[in-house]
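Coordinate analysis (summary)
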Amino acid sequence: MNLHQLRFVREAVRHNFSLTDAAKALFTSQPGVSKAIIELEEELGFEIFKRHGKRIKGLTPPGELVVQACERVLAELENIKRVGEEFAARESGQLTVAVTHTQARYVLPQAVAAFRKKFPKVKLILLQGTPEQLADWVRKDQADLAVATEALADEPDLVTLPCYDWGHVAIAPAEGEWLQDFQGAGARKMALADFQQLPVITYETHFAGRKKIDAAFKKAGVDLEVVLEAIDADVIKTYVGLGLGVGIIAEVAFDAAKDQHLVAVPVDHLFGRNTTRIALRQGVFMRTLMVEFIGTFAPMLTPKLIERVMGGGHAYDI
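Chains are numbered independently. Their residues run from 1 in the order of the written sequence. The model is predicted, so local features are restricted to residues of pLDDT at least 70 and side-chain atom pairs to those at 80 or more, both for listing and for counting; the totals for chains, interfaces and linings are taken over all residues. Calculated side-chain values reflect all of the structure's heavy atoms, with hydrogen atoms and water omitted.

1. Concerning the pattern of salt bridges
The salt bridge criterion pairs a side-chain nitrogen of Lys or Arg with a carboxyl oxygen of Asp or Glu, the two atoms within 4 Å. Taken as a whole, this structure holds 17 salt bridges when the rule is applied. Here Asp268 and Arg273 are joined by a salt bridge, their closest N and O atoms 3.1 Å apart. Residue exposure (1.4 Å probe, protein chains only): buried if accessible area is under 20% of the type maximum, exposed if over 50%, otherwise partly exposed. With relative accessibility at 26%, the residue Asp268 sits in the partly exposed group. Several salt bridges converge on common partners, so that one network encompasses Arg10, Glu11, Arg14 and Glu71.

Structure follows, in structure tokens:
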């Protein structure tokens, strides 16, 4: 038994049981992967994979246990590498942070600037994607940590820590009439029914609390006419400014000084508050750079708290 065999088994599962794709990911040949897996099965005395002819179709019951063990062994191997990196170059090296667009554009800049000032020799990489992609990158060690609102707390093999809460605002052109009734002292709050006759521009389904928005309208039985979807609040603000509709965006994406051509009305009472979290792979070795970045982004997450959470459950609430 060797580490190459364990990697081949893991990659075969990760690539939906395609040995061709697994071989490409590992920069080796498909026959070599197939031979190594068969040799491992012969050594263990049972089949790891279910087969139909020469094609792999799934995992056998003992194969599922083998894959879990492979994940643990290879994760610890990555930890050994991280220990070496930690003590070879404590204030240099590389840190990869997976983020959604909203976090990268509106929330992270100050933390990134402060982190870069403290660690000027560190190469910082920001990977942008959907919350599901972020979780997968952390799980596969393609990112050290992830910052997002949706999905992360639901991943059982990740440890997540809350950073801050936020709500939504409705936005419209400052010169228009769409939101006039909801501005100023004594103005009434928007209701879901107020959106009934309005063209709406908001986030794509997987981003920035969109699922909560849809759920609120569905529960109230109010039809929502979404005329445009985007992952980027700047895109939403651009088309709102052109008069195409009323926008619903994260409050952190609205800057009264920079967005003077628009007006914003709080609507968190309609859609609830959202919690942005940092996610880490359970059992990962916490490099100094990871702890420092987390502390810079969310100062309430102290090294002692992080250490305590990493040894406990997967979704922590302060």
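2. Quick word on the environment of Pro303
Relative to the helices and strands, Pro303 resides in helix H11 (residues 303-310). On the accessibility criterion, Pro303 (55% relative accessible area) is exposed. Separated by 11 residues in the primary sequence, Pro303 and Glu292 place their C-alpha atoms 8.4 Å from one another. Numbering of helices and strands runs from the N terminus, with a helix taken as a DSSP run of H or I at least four residues long and a strand as a DSSP run of E at least two residues long.

3. Quick notes on the packing of aromatic side chains
Within 6.5 Å between ring centres, the rings of Phe, Tyr and Trp (the latter by its six-membered ring) count as paired, and their orientation is classed by plane angle as stacked under 30 degrees, edge-to-face over 60, tilted in between. Tallied over the entire structure, the rule returns seven aromatic pairs. An angle of 80° between the planes, with centres 6.1 Å apart, marks the rings of Phe17 and Phe49 as edge-to-face. One end of the pair, Phe17, is in the loop between helix H1 (3-14) and helix H2 (19-25); the other, Phe49, is in strand S1 (residues 49-52), with 32 residues separating them in the sequence. With a centroid separation of 5.4 Å and 75° between ring planes, the pair formed by Phe115 and Phe293 is classed as edge-to-face. Pair noted here: Phe115 is in helix H5 (residues 101-118) and Phe293 is in helix H10 (residues 288-297), with a separation of 178 residues, a long-range link. The two residues Phe115 and Phe293 agree in class, both being buried. Feature note: the residues Phe115, Phe119 and Phe293 constitute an aromatic cluster, connected by ring pairs.

4. Considerations on unusual backbone geometry
You will see that Phe17, though not glycine, has its phi angle at about 65°, which is positive. Of the residues examined, Phe17 reaches a relative accessible area of 23% and is grouped as partly exposed.

5. Some words on the layout of surface pockets
Put simply, the grid is 1 Å and covers the protein atoms alone, a cavity is a trapped set of points that fit a 1.4 Å probe, a pocket is an open set with protein on both sides within 12 Å along at least five of seven lines, and lining residues have an atom within 4 Å of a point. Grid points are joined across faces, edges and corners, and a volume is the space filled by probe spheres set on the points. A volume near 310 Å³ is recorded for the largest pocket. Counting residues per element, the ones that place at least two in the lining of the largest pocket are H2, helix H3 (30-44) and strand S2 (55-59). A per-element tally of the lining of the largest pocket places H3 first, with four residues. A per-class count over the lining of the largest pocket returns five nonpolar, six polar and three charged. Classification used: nonpolar for Ala, Val, Leu, Ile, Met, Phe, Trp, Tyr, Cys and Pro, charged for Asp, Glu, Lys and Arg, polar for all others including Gly.

6. Describing the side chain of Thr96
Among the structural elements, Thr96 can be located in strand S3 (residues 93-99). When checking whether two residues touch, look at their non-hydrogen atoms; a contact exists if any pair is within 4.5 Å. The residues contacting Thr96, other than those within four sequence positions of it, are Ile125, Leu127, Gln142, Ala143, Asp144 and Leu145.

7. Concerning empty space enclosed by the protein
In this approach a probe as big as a water molecule rolls over the atoms, and the regions it shows empty are the leftover space. Within the structure shown, the criterion is met by one cavity of 30 Å³ or more. Around the largest cavity, the lining residues are Thr100, Thr102, Gln103, Thr149, Glu150, Trp166 and Ala208. Broken down by class, the residue content of the lining of the largest cavity amounts to two nonpolar, four polar and one charged.

8. So, helix H8 (residues 233-241)
Those residues of H8 that fall on the buried side of the exposure criterion are Ala233, Ile236, Lys237 and Val240. All buried residues of H8 project into a common sector of 95° when viewed along the axis, lining one side. Check the buried side of H8 and you find it contacts H5, strand S7 (168-173), strand S8 (199-203), strand S9 (225-230), strand S10 (246-250) and strand S11 (262-266). Under the rule applied, a polar contact is a pair of N or O atoms within 3.5 Å (in protein, one hydrogen donor and one hydrogen acceptor; residues adjacent in sequence only if both atoms are side-chain atoms). Measuring from the backbone nitrogen of Asp234 back to the side-chain oxygen at the start of H8 gives 2.7 Å, which picks out Asp232 as the cap. Gly243 lies just past H8 and shows a positive phi near 85°. In this description, one arc is meant: the one made by directions from the helix axis to the C-beta atoms.

9. Remarks on the pairing of strand S12 (residues 274-281)
Of all the eight residues making up S12, seven are buried; the element is thus mostly covered by neighbouring parts of the structure. Whether two strands pair comes down to DSSP finding at least two bridges between them. Two elements, strand S5 (residues 145-148) and S12, share three bridges in a ladder whose sense is antiparallel. The residue bridging Ala146 from the neighbouring strand is Ala279, located in S12.

10. Here's the deal with the sheet that holds strand S6 (residues 158-166)
In any sheet, the strands associate via hydrogen bonds between backbone groups, in a parallel or an antiparallel arrangement. With mixed pairing, five strands are arranged side by side in an open sheet as S4-S3-S5-S12-S6. Every other strand in the sheet has two partners, leaving strand S4 (122-128) and S6 as the edge strands with one partner each. Put simply, the sheet's adjacent strands are angled 20° from each other on average, direction ignored. Two strands pair when backbone bridges link them, and S6 and S12 are joined in this way by eight bridges, in the antiparallel orientation. Angles run from 0 to 180 degrees between N-to-C directions of axes, and those axes are lines fitted to C-alpha atoms, restricted for helices to the stretch in contact.

11. Here's the deal with the sheet that holds S9
Taken in spatial order, the five strands of this open sheet run S9-S8-S10-S7-S11, and their pairing is mixed. Here the strands that pair on one side only, and so sit at the sheet edges, are S9 and S11. With direction set aside, neighbouring strand axes in the sheet form an average angle of 30°. Taken strand by strand, H8 contacts S7, S8, S9, S10 and S11, and its axis lies near 160° from that of S10.

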